[in-house]
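Below are the chains, spelled out letter by letter.
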Amino acid sequence: MTSSFDFDWIVIGSGFGGSVSALRLSEKGYRVAVLEAGRRYADHEYAETTWQLRRWLWAPSLGLRGIFRLTPFKDIFIASGTAVGGGSAVYANTLYRAKPAFFENPQWRDLADWARELAPHYETAERMLGVTTVPFGSAGQDLLKATAAHFGVEQSFTRTPVGVFFGAPGEEVADPYFGGEGPRRTGCTRCGSCMVGCRDGAKNTLLKNYLWFAEKHGATVLAEHGVVDVQPLGAADGADGYRVTTERPGAWFDKRRRTFTARGVVFSAGALGTGELLASLKHGGSLPRISDRLGELVRSNSESILAVTLPDDSRKPWADVAISASIHPDADTHIELCTYGRHGDAISLLQAPMTGQGTRLTRPLMLLWQFARHPLRSLGTLWPVGWSKRSLIILVMQSSDNAIAFRSRRRWFGRGVTIGTEQDREKPNPTFIPLANAAAEFLARHTGGVAQSSVLESAANIPTTAHILGGAVIGADASRGVIDRDHRVFGYTNLMIVDGSAMPANPGVNPSLTITALAERAMSRMPAKQ
């Protein structure tokens, strides 16, 4: 690659796909830049509580540059992460391999033996992310065991594989993972605040592994550089390289606009970030050759997010890691109990009294009926103080083959393109999962607590997901997908998509490990710099 470019490769985003890409390309001798829209946080800079909105919530036009992003659409409410390290800053450390159905989805099953090909890359990802099984019991685990017994699936209970350093609690030691070449680490204190931001340094975020070593190999990581344009230089297919333009996200006046050039570009901004950017580039004319399949097969991991608030905090459900165990009430369904620790009370604003199956007309009426029938109990769920110390989130995921779509449309105000959603006509994303409500109802009865649904599910029949996937998926050709089996964008040269948007199916479990393994596979097929 020629030195006339600022970089050989520019990676857009620093989450699991972007961090893997940055490290492996750097190891192969390429000059790499990582452009991240979010802020870079040292461990001690994460929010102490979810009420510290400037450090927890991502809404940059309001001056909030935290790690947690909430994006409502007509058909889905998306929770995601934005920071150097991407979703690893805010995720629940949980690193399962995908269920078998994922590898056999008809969208991609004929393109490779995916289970076999990904197996060694799963192993690499597990080693790099420091995967280990939670070594202790907890009150949350006891409640999950009771739930498993209720469903008659006690044998399905398992402690979670996580990316956490379980050394002596609170004790800092030399790097325990990479022969002393990585950063110093501190043992987990079981504060439960993994998803608020681990201030102790026990969480194996990407800054502790992939990005750490990418920077050691010379990669440049630029925080608060939101990409607004990618255009080919010369040849329309990008064979002559690309010009990438950035601005400071949310800036009203001083946008700090910058331009970089590179021979190749890797899109790794997550399914939502990549989906938004590619829609703008395709329909805005910068990358018009992108497949018309862009925005199709967006997956929510078929999720439902509920909660149960216990009568008091005597069980200490927060004294745990974010997710320490799971069960499978049936072959398709995966249930985990999650905590935000003692200082996650703002999450209570995302919950409401639980409602049953209905429509956008009937569920709001059902919610009002809950308030009428149980006014004190229902109003009590709206009081946030102390909520996090006595509540557990119920995260339900399925490997079912359902989807929504991202649809591009002109902005109502200003220039450019934004995205909306619509349900897949043949296999719509569920707005209600009976097993999810059944689990919440059981836990409420078992503990004397109060079951809750996500607020938009209760009030508007809109489910919430913490794992949005797809939209720029692997396919046999441009009529079937946006990228080929090696993550190369159809119609362009040296343009790749390496993140959750490439995933063609619901994995049925937390997807971070699978995104990492797919990225490892994609980068293993890249040649070394000549």
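Because the structure is predicted, anything quoted here is derived from the model rather than measured.

**Student:** Looking at this model, I keep getting lost on the sheet that holds strand β21 (residues 391-398). Mind explaining?
**Tutor:** Two strands in a sheet stick together by hydrogen bonds in their backbones, pointing the same way (parallel) or opposite ways (antiparallel). Here we have seven strands laid out as an open sheet, ordered β8-β18-β19-β21-β17-β24-β20, and antiparallel in their pairing. Edge strands, defined here as strands with exactly one partner in the open sheet, are β8 (158-159) and β20 (351-353). Where strand β18 (residues 323-330) meets strand β19 (residues 333-338), four bridges bridge the pair, whose relative direction is antiparallel. Its bridge partner lying in β19, isoleucine 323 is registered against cysteine 338. Packed onto the sheet, helix α5 (residues 139-151) meets β8, β18, β19 and β21 and runs at close to 5° relative to β18. Along the sheet face, helix α10 (residues 434-447) touches β17 (304-309), β18, β19, β21 and β24 (450-454) and points at about 5° away from the line of β17.

**Student:** What's the story with α5 in this structure? I'm lost.
**Tutor:** What sets the pattern is the α-helix's 3.6 residues per turn: residues three or four places apart point alike. With 13 residues, α5 extends 19 Å between its outermost C-alpha atoms, agreeing within 8% with the 18 Å of an ideal straight helix rising 1.5 Å per residue. Looking at the buried side of α5, the elements it contacts are β8, β18, β19, β21 and α10. With its phi angle positive at about 75°, glycine 152 sits one or two positions after the end of α5.

**Student:** Looking at this structure, I do not really get the environment of proline 527. What am I missing?
**Tutor:** Mapped onto the secondary structure, proline 527 falls in the segment after α12 (512-524). With 245 residues separating them along the chain, proline 527 and lysine 282 place their C-alpha atoms 28 Å apart. Beyond its immediate chain neighbours, meaning those up to four positions away, proline 527 contacts Lys28 and Tyr30.

**Student:** Any chance you could explain the pattern of salt bridges here in plain terms?
**Tutor:** Charged atoms that come close allow side chains of opposite charge to pair. Tallying each qualifying case throughout the model produces 28 salt bridges. The salt bridge partner of aspartate 113 is arginine 116, with a shortest N-O separation of 3.5 Å. The partner of arginine 521 in a salt bridge is glutamate 117, with the nearest N and O atoms 2.8 Å apart. Separated by 404 residues along the polypeptide, arginine 521 in helix α12 and glutamate 117 in helix α4 (residues 114-129) bring together distant segments of the chain. Across this residue pair, the class does not change: arginine 521 and glutamate 117 are buried. Linked through salt bridges whose partners overlap, the residues forming this network are Glu117, Asp484, Arg485, Asp486, Arg488, Arg521 and Arg525.

Conventions used here
Residues numbered from 1 in each chain as written. Predicted model: local features only at pLDDT ≥ 70, side-chain atom pairs only at ≥ 80, totals over all residues. Heavy atoms only, no water. Pairing = 2+ DSSP bridges. Helix = DSSP H or I, 4+ residues; strand = E, 2+ residues; numbered from the N terminus. Contact = heavy atoms within 4.5 Å. Axes fitted to C-alpha atoms, helices over the stretch in contact; angles between N-to-C directions. Expected span 1.5 Å × (residues − 1). Salt bridge = Lys/Arg side-chain N within 4 Å of Asp/Glu carboxyl O. Buried < 20%, exposed > 50% of the residue type's maximum accessible area, 1.4 Å probe, protein only.

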